Amino acid sequence: EPEVTQTPSHQVTQMGQEVILRCVPISNHLYFYWYRQILGQKVEFLVSFYNNEISEKSEIFDDQFSVERPDGSNFTLKIRSTKLEDSAMYFCASSGPVGVSYEQYFGPGTRLTVT
Amino acid sequence: AQTVTQSQPEMSVQEAETVTLSCTYDTSESDYYLFWYKQPPSRQMILVIRQEAYKQQNATENRFSVNFQKAAKSFSLKISDSQLGDAAMYFCAYLNAGGTSYGKLTFGQGTILTVHP
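Note that this is a predicted model, so its numbers are computed, not measured.

*Asks:* Explain the state of the cysteines here, please?
*Replies:* Covalent bonding between the sulfur atoms of two cysteines is what defines a disulfide. Taken as a whole and judged by the stated rule, the model has two disulfides over all chains. Paired through a disulfide, A:Cys23 and A:Cys92 show a sulfur-sulfur distance of 1.9 Å. Between A:Cys23 and A:Cys92 the disulfide shows an S-S torsion of about -65°. By sign, it is left-handed. Highlighted residues: A:Cys23 in strand E3 (residues 19–24) and A:Cys92 in strand E9 (residues 88–95), separated in sequence by 69 residues. On the basis of relative accessibility, which here comes to 0%, the residue A:Cys23 falls in the buried class. Two residues share a disulfide in this structure: B:Cys23 and B:Cys92, whose sulfurs sit 2.0 Å from each other.

Right, dumping it as structure tokens:
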């Protein structure tokens, strides 16, 4: 069964450093998302991406964040200068292939620890 | 803005018994979807069941079923014949299916389900 994959599973970085979280969505999906979950809290939407551009972003997704689909398979989330409060689990999800199919399939997540 | 509320931070059930997890939501939209996701200790988010708002019939997936009350904006999950593997955090989620929707899922706070042998 096709699945969303994410790398790395755990990333430790120092405050102020740039990190790139990588995702490979399900191959025939067209819509891609990033969510985050601070430990013990609910899952929060960050951004949705379709047709090589951002469709919607939350207030969390400020200028420190960016997303990119550099090739036909990867979808990345970059945090330019990490802060302690960026420590969280980051989930990539995808849906599709035609329209917004409304079922989003999540990857296993990347645990980001900022020290 | 849409909100999703899960009023039960924790629930427990005996193996083989039935448990119901509650969820309410607030929206002014008429076209939307509701979901239950399961998050085991691995923290992977697993889709359990979905409900289209335009459907009156409650969704069912094996031992999982929902009670969707559109007028009351209530969407509860019933797990029958509970198994030890059902132990997890369960999240209720809302998705606006209207013209301005870009797939943003809004999640509730989650309910931790413990299954006792």
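*Asks:* I'm lost on the nonpolar core in this one. Help?
*Replies:* Nonpolar side chains tend to gather and get buried jointly when the protein is soluble and globular. Counting residues in hydrophobic clusters, the biggest one holds 25 residues, and the most contacted among them are B:Tyr25, B:Trp36, B:Phe75, B:Leu77 and B:Tyr90. Mapped onto this core, the elements with two or more residues apiece are strand E3 (19–21), strand E5 (32–39), strand E6 (46–52), strand E8 (64–69), strand E9 (74–79), strand E10 (88–96) and strand E12 (111–116) of chain B. Take this core: its biggest share by element is four residues, from E10(B). Leaving out residues up to four positions away in the same chain, B:Phe75 has contacts with B:Leu21, B:Ser22, B:Cys23, B:Tyr25, B:Leu34, B:Phe35, B:Trp36, B:Gln51, B:Val66, B:Asn67, B:Phe68 and B:Cys92. Membership of the second largest hydrophobic core comes to 22 residues, among which are A:Leu21, A:Phe49, A:Phe75 and A:Ala88.

*Asks:* Just to check I follow, could you spell out the environment of B:Trp36 for this structure?
*Replies:* Residue and element names in this part refer to chain B. Among the secondary structure elements, Trp36 is positioned in strand E5. Residue Trp36 is classed as buried on the basis of its relative accessible area, which comes to 0%. Taking the C-alpha atoms as reference points, Trp36 and Thr5, 31 residues apart in sequence, are found 13 Å from one another.

*Asks:* Could you clarify how one ought to interpret the sheet that holds strand E7 (residues 65–68) of chain A in this entry?
*Replies:* Sheet strands pair via backbone hydrogen bonds, and the direction of the pair is either parallel or antiparallel. All names here are of chain A. Sheet architecture is open: four strands sit in the order E1-E3-E8-E7, paired in antiparallel fashion. Bordering the open sheet on either side are strand E1 (5–7) and E7, each of which pairs with just one other strand. When strand polarity is set aside, the average angle formed by the axes of neighbouring strands in this sheet is 20°. Two strands pair when backbone bridges link them, and E7 and strand E8 (residues 75–79) are joined in this way by four bridges, in the antiparallel orientation. Residue Val67 lies in a different strand from E8, and its bridge partner there is Leu77.

*Asks:* Teacher, can you tell me more about the pairing of strand E4 (residues 31–37) of chain A here?
*Replies:* Successive residues of a regular strand alternate their side chains across the two faces of the sheet. All names here are of chain A. Counting buried positions along E4 gives seven out of seven residues, so the element sits mostly inside the fold. The side-chain alternation of E4 yields two buried faces, one formed by Tyr31, Tyr33, Tyr35 and Gln37 and the other by Phe32, Trp34 and Arg36. Sheet topology note: the E4/strand E5 (residues 43–50) ladder contains seven bridges and is antiparallel. For Trp34, the partnering residue across the bridge sits in E5 and is Val47. The antiparallel pairing of E4 with E5 creates a hairpin that spans five residues between the two strands, and Gly40 there sits at a positive phi of about 85°.

*Asks:* Help me understand the interface of chain A and chain B, please; the structure alone is not making it clear to me.
*Replies:* It is common to report an interface's size as the accessible area lost on association of the parts. Taken residue by residue, the interface counts 22 residues in chain A and 20 residues in chain B. Where chain A touches chain B, the interface holds one salt bridge. One salt bridge in this structure joins A:Glu103 and B:Arg50, with 3.4 Å as the shortest N-O distance. Our count for the chain A to chain B interface comes out at nine residue pairs in polar contact (both at pLDDT 80 or more). Contributing elements (two or more residues each) for the side of chain A that touches chain B: E4, E5, strand E6 (53–57) and E9 of chain A. Partitioning the side of chain A that touches chain B into residue classes produces 11 nonpolar, seven polar and four charged.

Rules of the game
Residues numbered from 1 in each chain as written. Chains lettered and ligands numbered in written order. Predicted model: local features only at pLDDT ≥ 70, side-chain atom pairs only at ≥ 80, totals over all residues. Heavy atoms only, no water. Disulfide = S-S within 2.5 Å. Helix = DSSP H or I, 4+ residues; strand = E, 2+ residues; numbered from the N terminus. Buried < 20%, exposed > 50% of the residue type's maximum accessible area, 1.4 Å probe, protein only. Core = buried A, V, L, I, M, F, W, Y, C linked by side-chain atoms within 4.5 Å. Contact = heavy atoms within 4.5 Å. Pairing = 2+ DSSP bridges. Axes fitted to C-alpha atoms, helices over the stretch in contact; angles between N-to-C directions. Salt bridge = Lys/Arg side-chain N within 4 Å of Asp/Glu carboxyl O. Polar contact = N/O pair within 3.5 Å; in protein donor to acceptor, adjacent residues only side chain to side chain. Nonpolar A, V, L, I, M, F, W, Y, C, P; charged D, E, K, R; others polar.

Purely spatial values, then, with no claim about function.
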